[in-house]
Each structure stands twice: as C-alpha cells, then as structure tokens.
Amino acid sequence: MKRSLFLVSTLLLLCTNYVQAQFEIGVSGGYNKNYLHTSTGYRAYTKYDALSGFTVSIPIQYHFNNWLAVEADPGYIQKNYEQKRDHFFDGIYQKNTNSYIQLPVMAHFSFGGDKLKGFMNLGGYGAYWASGRIKGAMANPFNLGPDIPDNQQTYTFFEYDKAYNYNEKYSFDSRRDRRMEFGLLAGAGIEYLLQQRYRIFVEGRYYYGLTDQQKSYMINQIPRYNDTYVIQAGCLFNLKNIFHPESATAE
Amino acid sequence: MKYLGKYIVIILVLLAGVSCRKEMPEINDPQNTIAANFNEVFDAFWNGMNNNYIFWDIDTVNWDNVYKQYKPLFAKLNLNDSNDVRKGYTYFKQMTAGLVDSHYNITFNDTWLVDSPSISPSYERKSASPGFHNPISIFHFYDTIPRKYLDRGGAIRGFTNTVDGSNQYVAVSGTIQQNILYFFFSEFALKELYKTDTANGVKRVEQYFFDKLQNTANIKGIIIDVRGNPGGALADLDFLLGRMIDKQLDFGYTRSKQGNGRLDYSPWAPAFATPQAGARNITAPIVMLADAWSASMAEMTTMAVKALPNGHFVGERTWGANGPLIGNLFFNGGQFTTNYMNLVYTSSLMLKYKDGKIYEGVGFPPDVEVKYDEAALNLGQDKQLEAAIGLIH
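Note that the structure is a prediction, hence the values are computed from the model and not measured. Counting of residues starts from 1 at the beginning of each chain's written sequence and follows it residue by residue. Labels are handed out in written order, letters beginning with A for the chains and numbers beginning with 1 for the ligands. For this predicted model, a pLDDT threshold of at least 70 governs which residues receive local features, and a threshold of 80 or more governs which side-chain atom pairs are given and counted, while totals over whole chains, interfaces and linings are taken from all residues.

(A) Inspection of the overall build of chain B at higher detail. Numbering goes from the N terminus for both helices and strands, where a helix is a DSSP run of H or I of at least four residues and a strand is a run of E of at least two. Looking only at helices and strands, chain B features 13 helices and 12 strands. If you line up chain B on its principal axes, its C-alpha atoms span 100 × 55 × 45 Å. Three classes are used. A residue is buried when 20 or more other C-beta atoms lie within 10 Å of its own, exposed when 12 or fewer do, and partly exposed in between, with C-beta atoms placed from the backbone. Scored against the burial criterion, the 393 residues of chain B give a buried share of 48%.

(B) Structural detail: the overall build of chain A. Each helix and strand counted, chain A has four helices and 12 strands in total. Relative to its full complement of 251 residues, chain A shows a buried share of 30%. What counts as a contact here is a pair of residues whose C-beta atoms, placed from the backbone, lie within 7 Å. Long-range contacts, defined as pairs at least 24 residues apart, comprise 64% of the intrachain contacts of chain A with a sequence gap of at least 6.

(C) The sheet that holds strand β5 (residues 221–225) of chain B, seen in detail. Residue and element names in this part refer to chain B. Only when DSSP finds a minimum of two bridges between them are two strands counted as paired. Sheet architecture is open: seven strands sit in the order β2-β3-β4-β5-β8-β9-β12, paired in mixed fashion. Taken across any chain shown, the strands that pair with only one partner, and hence form the sheet edges, are β2 (155–161) and β12 (368–369). One ladder, built from four bridges, connects β5 with strand β8 (residues 286–290); its direction is parallel. From the neighbouring strand, I224 faces β8, where its bridge partner is M288. To obtain an axis, a line is fitted to C-alpha atoms, over the contacting stretch when the element is a helix, and the angle between two such axes runs from 0 to 180 degrees between their N-to-C directions. Against the sheet, helix α6 (residues 138–148) engages β2, β3 (168–176), β4 (180–185) and β5, with an angle of about 25° to β3. Relative to the sheet, helix α10 (residues 297–306) contacts β5, β8 and β9 (311–315), its axis offset from that of β8 by approximately 150°.

(D) Inspection of the interface of chain B and chain A at higher detail. In this assembly, 38 residues from chain B lie in contact with 34 residues from chain A. At the level of elements, α1 (4–18), α2 (38–52), α3 (63–75), α9 (235–241), β7 (269–273) and α11 (328–331) of chain B are the ones that each hand at least two residues to the side of chain B that touches chain A. Put simply, Ala, Val, Leu, Ile, Met, Phe, Trp, Tyr, Cys and Pro go in the nonpolar bin, Asp, Glu, Lys and Arg in the charged bin, and everything else, Gly too, in the polar bin. Residues belonging to the side of chain B that touches chain A are distributed by class as follows: 21 nonpolar, 11 polar and six charged.

(E) Structural detail: the sheet that holds strand β11 (residues 350–353) of chain B. All names here are of chain B. Sheet architecture is open: three strands sit in the order β7-β6-β11, paired in antiparallel fashion. The open sheet terminates on both sides in strands that have one partner only, identified here as β7 and β11. Strand-to-strand, the axes of this sheet are offset by a mean angle of 40°, without reference to chain direction. Relative to β11, strand β6 (residues 249–255) runs antiparallel, the two being bridged by four bridges. Bridge pairing links R255 to M350 in β11.

(F) The arrangement of unusual backbone geometry in detail. Residues and elements named next belong to chain A. Here Y45, not a glycine, exhibits a phi torsion of approximately 60°, which is positive. Structurally, Y45 is set in the loop between β1 (23–37) and β2 (46–57). When the 16 C-beta atoms within 10 Å are taken as the criterion, Y45 is described as partly exposed. One non-glycine residue, H87, lies in positive phi territory at about 55°. Along the chain, H87 falls in the loop between β6 (81–85) and β7 (93–112). Looking at H87, the number of C-beta atoms within 10 Å reads 10, which means it is exposed.

(G) Region of interest: the packing of α2 of chain B against α3 of chain B. All names here are of chain B. Look at α2 against α3: their axes get within 9 Å of each other, and the N-to-C directions meet at 165°. It follows from the interaxial angle that α2 and α3 lie roughly antiparallel. The two elements α2 and α3 meet at a crossing, and its hand is right-handed. Two secondary-structure elements touch here, α2 through F38, N39, V41, F42, W46, M49 and N50 and α3 through W63, Y67, Y70, K71, F74 and A75. For the contact of α2 with α3, the residue count by class is 10 nonpolar, two polar and one charged. These descriptions rest on fixed angle ranges, namely under 35 degrees for roughly parallel, over 145 for roughly antiparallel, 65 to 115 for roughly perpendicular, and the rest for oblique. Left-handed describes a crossing whose near helix is turned anticlockwise from the far helix through less than a right angle; right-handed describes the clockwise counterpart.

(H) Representation of helix α4 (residues 82–96) of chain B in the model. Residues and elements named next belong to chain B. Multiplying 1.5 Å by the residue count of a helix minus one yields the expected span of that helix. Here α4 contains 15 residues, and its C-alpha end-to-end distance of 21 Å stays within 8% of the 21 Å for a straight helix at 1.5 Å per residue. Every buried residue of α4 is listed here: V85, G88, F92, M95 and T96. Taken around the axis of α4, the buried residues stretch over an arc of 80°, which confines them to a single face. Pointing more than 90 degrees away from the buried face of α4 are the exposed residues N83 and T90. Among the structural elements, α2, α3, β1 (105–108) and α5 (121–128) are those in contact with the buried residues of α4. Here, the arc refers to the directions that run from the helix axis to the C-beta atoms.

(I) A look at the UniProt feature "domain: Tail specific protease" (unreviewed entry) in chain B. UniProt positions are given in the numbering used here, feature names are shortened, and annotations may be inferred rather than shown by experiment. Mapped onto this structure's residue numbering, the UniProt feature "domain: Tail specific protease" (unreviewed entry) falls at residues 137–371 of chain B. End C-alpha atoms of residues 137–371 of chain B are separated by 16 Å, and the span's content is 22% helix alongside 26% strand.

(J) Structural context of the domain arrangement of chain B. Residues and elements named next belong to chain B. The domain architecture assigned to chain B consists of domain 1 (32–130 + 324–347) and domain 2 (138–244 + 280–322 + 359–392). If you look at the interface, domain 1 gives seven residues, while domain 2 gives seven residues. A class-by-class count of the residues in the side of domain 1 that touches domain 2 yields three nonpolar, three polar and one charged. Domain extents, as shown, originate in an automatic or database domain assignment.

(K) Highlighting the confidence of the model for chain B. For every residue, the pLDDT score states the predictor's confidence, bounded by 0 at the bottom and 100 at the top. For chain B, mean pLDDT is 94; residues scoring 70 or higher make up 95% of the total. We note a pTM of 0.90 for the whole complex and an ipTM of 0.91 for its interfaces.

(L) Structural detail: the environment of G261 of chain B. Structurally, the position occupied by G261 of chain B is in the loop between β6 and β7. Under the C-beta neighbour-count criterion, G261 of chain B is labelled buried, with 22 such atoms within 10 Å. Placed 104 residues apart in sequence, G261 of chain B and R157 of chain B show a C-alpha to C-alpha distance of 49 Å. Setting aside chain neighbours within four positions, we find G261 of chain B in contact with R176, Q214, M218, Q221 and I222 of chain A.

(M) Fine view of the nonpolar core. With 110 residues, the main nonpolar core has I224, L241, V287, L289 and A304 of chain B as its most contacted residues. Here this core gets seven residues from one element, more than from any other, and that element is α2 of chain B. Looking at which domains feed residues into this core, each of domain 1 (32–130 + 324–347) and domain 2 (138–244 + 280–322 + 359–392) of chain B supplies at least three. In this view, L289 of chain B contacts I223, I224, D225, V226, R227, V314, G315, Q384, L385 and A388 of chain B; residues no more than four positions away in its chain are not counted. Judged by nonpolar contacts, the second largest core, of 10 residues, contains I77, L184, L185 and Y207 of chain A. We define a nonpolar core as a collection of buried residues of the types Ala, Val, Leu, Ile, Met, Phe, Trp, Tyr and Cys that are connected via C-beta atoms lying within 7 Å of each other.

(N) Focus on the pairing of strand β5 (residues 75–78) of chain A. Residues and elements named next belong to chain A. One ladder, built from three bridges, connects β2 with β5; its direction is antiparallel. Opposite T55, over in β5, you have I77 as the bridge partner. Here β5 pairs with β7 via four bridges, running antiparallel. Residue pairing in the sheet places G75 in a bridge with Q102 of β7.

Here it is in structure tokens:
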C-alpha cells in the first residue's frame, strides 16, 4: 500500500508543470570505436585492434537552470575489438562483438545562445556485459593442407593447417569474466532548439573503463579495459511539450 | 569565474579516476631470460607456465599458491652451489607433480643436472600406481607375434634407424587366418618414412599393409596395434586412417591458448580424419590394440577409430597424453625454453573427445579391457591380441 502511494505521488509530481519544464527525454544513436587497452606481452605477430560498433540510448535530462543539467543515458552499446595475427600467421583473427547495457550518468553543462548551444558532459557509467559473439579463423591441426614439396617455400601457416572459420556465441567463464563495468565519461557537442519543441544534438563522447574485464584470478594478470569513442546524434523533447503542447508553442 | 572552483573539483575527481587502472605487468619471454640466479630461474619458469600451459582450465594445481610457496624458497638458493642446484631440481619436481598434462617433461641445461632424469609428473604418478607395468618388449611384436599369430608366408617385418642413430622405428604386418589384417608400428612416423626416396624397413611393411588393405577381397577385420607406441606425427592420422574411410571422421575437438591469461582459450575446433585419395571404405571391424604405454598420437588414433561405427578398442586404459604439440609460436602457447631449462615440453592444444570428456591425465578407456599379463607374455601368449581376434570373430 505504501509502495503504491509512493508511486502515485511520484507520477503526480512528474506531471506538474514545474517539473515537466525541467525534464527532457529523447532518443539518440551513433557509431563508436572501441579500443581494448591491454597488452599482448611478448607474443610475436599478435596484436589487438579497435573495432567499430553502434549505440542507441534514451537520454533523460533534468535541468537545474539554463546552464546545468543532470543527464542519464540508459541504452545499448557495443564494445568490440579484434585480436589479429600477421606476417606468417596472416588470416588468424578473432573479432569480439560485446553487447553492454549501459547507464551513463553525467553533469550536462551548456553554454551559448538561446537556440544554438554548446555543451559538455562529465560523469561516470555502469555497464553490464550482456552477451558476446566471436567470429574468426584459427589454424586447425587436424585439417592438413596438401603436401608441400621440399623445394617450395611457404607464406602462411594455413598452407600447413587449414583454417577453421567460426562465428559463435561467446561463452562466459564465471572464473574469469567480470561482467559489470564501471568507468568515467566525458563528452562535448552542440545542440539546437528546433520549433521551441525539440532539441537536436550531436555529441562526441569518450568512455574510459576503470574495471578490468577480468576478475583477478591469477598473479601477473594482464588487465583489459575498454576505451570507447562515440559519435552520436539525437533529439530531446521537453516533457511539458508532450503533456501541454499548446502552451509550449505559445511561449 | 563564479563556477571555476566547481569545474576544478570535477576535473580533479575525473583525473583521480583515470589513475585507477591497474598497471600492465611486465611479462618477459621465458626464452629470453638470464639464469644469473635462482630468482630469475624461478620467475622465467613460473611465468612461462603461467602464460603458456594449456591445461589451466582443468588442472587442479593452484599455480598462484605454487608461486607463494616456492618463490621464497628459490630466493634462498645459490645457483653456483651444486647442493642448491639439486634442491632446486627437487622443488621443480614438487611444483609440477600434480600437473595433468601427461606429455609434460622438463629437461635442464645446468651441467650439474646432466645425470638427473628429466622431470615427468605423469611418469612419476604412473610408476607409483598399483597396476604399473613396463612396456611390452619390442621383441614380442617383432618375433613372437609373427611367429605365433600371423599366417606363415603372410607376414612382414622391418625396422629403420634414424640417420643420427638416436631412434629406431619398427613395423610388423601380416594376416591372421587369411583375412584379418594386422599392423604394428612402434611410432607414428609412417608418412615421413613412406615418403622417403630410398627403401627402408618400415616403408616395406607399410607398403605390404596398404596393398593388403586395397587388394584383400573379403577383409574380415583389421587390427592396428599401438601398444607401447608413444605417438608421433599428427599427419599419420590421415595417412593411415584416411585409407579406410570414405567420409570425414569427426572424433573430437581441440583448442589452443588465445591470450596470456590462464583461461584465455580459442573456441573448440573440430578434430577429424580426412579420407585420402583412393581410400577403401572399410566396413569390417577395425580394432585398436592399445595399452597403458600408448600415448599421444597412439591415443588420438585410438579415439578416432573408436568413433567409427565399426571401431573397437581392446586393451588397457591409455597413458593420457592427448594434446597435440607444435612450437610455441604457432598457437601462442605450449612448450617453451628458458635460459636454465633445455625444454619445458608441454602440449600446445587441449583435446576433447566427441563425448565431451577430456581424457588428458586419465587416459582413454577400452571398450574391451584386457589387462597386461606378464606371465602369459613370457609364455608367448598375447591375451590382448587374442581378445581382438575374438572380437572380430
């Protein structure tokens, strides 16, 4: 009973004109590039490369005044990367596509004119590594290539062991994989007020992971952190415009 | 200016957060280390194992505890004191005693250890187990079996010595009751010896067996005898079994390391034998004869045959060294050297049988178990071979 009362009063509060005027909600989406901050140690012909992905989210802003707001941006984001070998081992690779459900929370600082404004976001995020997919090719020692004549030189490992190509769901290992990720974020962009109703924006954002993707399960463990660069665009609607559109246009 | 203080606080908080990442440990290639003292010797070996050993997923040895226990012990040793070197050897033996990898073997460069046996945890375990026995004498295969079990005029045997004289390959083939083919070979170097330009003893035996396989009208069964066989070249799987199948024979999966973490693995890739050009699909029973001394390729071949609908395995549980081996560079894991160790011989890949089980360290079980019987063997009676013949009948 107490819980229901709380919910009803919260909804009522949200619907008051004053609060509506402070709240904005919207959608955004964009492209990202994720770099895995790690090390291959002394492994020869082996490296990690960044991979692109995408993000979609529902930004929610609460404005304290005309220059400061707090923003939550719950959504879906991919943090992909690739492990690759080259030279003699060219063709051996694995692309990791990692899906996260992420909740960034940030302070939103605006500056500039009434319609066109610049903004800066600073905050942190929490993310849950929901699923993963691995696609790649490895040498299969049980799938031998044709015999190589003694006088013939070779160029790739696949001439000896043919490639095994795979594209499968990533299996989490609870001993190793840390699925919660926390980190910092910083972003900057511009926003434009359109027809007094919508604010469209473009933003560049950087997510700096502070949580190792792996639990601490071994001495001399090489950590893995996500560094994600996002370029995104979106649109925000003032709640007041949704509940009282006529008053909004009259302003 | 009014809000400058707040901005500065926010930026300082963010900078503090940025410094929260762990530092990358410095991991050196064990092959490029300097054995100037036992600290360095220990670190090179321990880290080499930490990053290259393929079985951490299933191994019960707690490698972190090994570090905590032995790092201080090695720190007390003097590399230039022969007594300490002996003590260090004992520590290495203790550290690795429980490792599941049954290929595992350490040999040393230290001149004070030249007379010491290599460290082989699986051998130590097996030699201490109640059912332990020595390998069946090669003369049993070379003399007794042709004389007692193979058809007169229907047997051939031969051997080939390596150029440096370090190894000798032996092979025997023949028929039993005219239409059961028998083939014994002491190691898997069949393709290599067959492809040589010059004639050699094993090649002659191979040719005999392949001709019989191709030309015997009514093959009643085939017995492939890999008792005492320590393994060898993986290429022999297709070279031998590929002559008896008409479609790909899937029998398991392998995976390698894929990162420096102990639990960083590639996906499981299928393990199979591929039919060879001109192969004859054998539908008669194919029986593998293997024993506790059948290791590595001998076990993988046994597993592959067992995966056939007409495949059988008679004998004893095998050695339990199933993981294929190749140089460290190829799969970023497995065997490595250090400045102090001549070789840490360990598998490059982990093998899982098609039933989902990993038989590393435990051995592959026979479907018809016939224990080693020394007394019978001394009388020239081979109960395992007789059971294989009986199974075909």
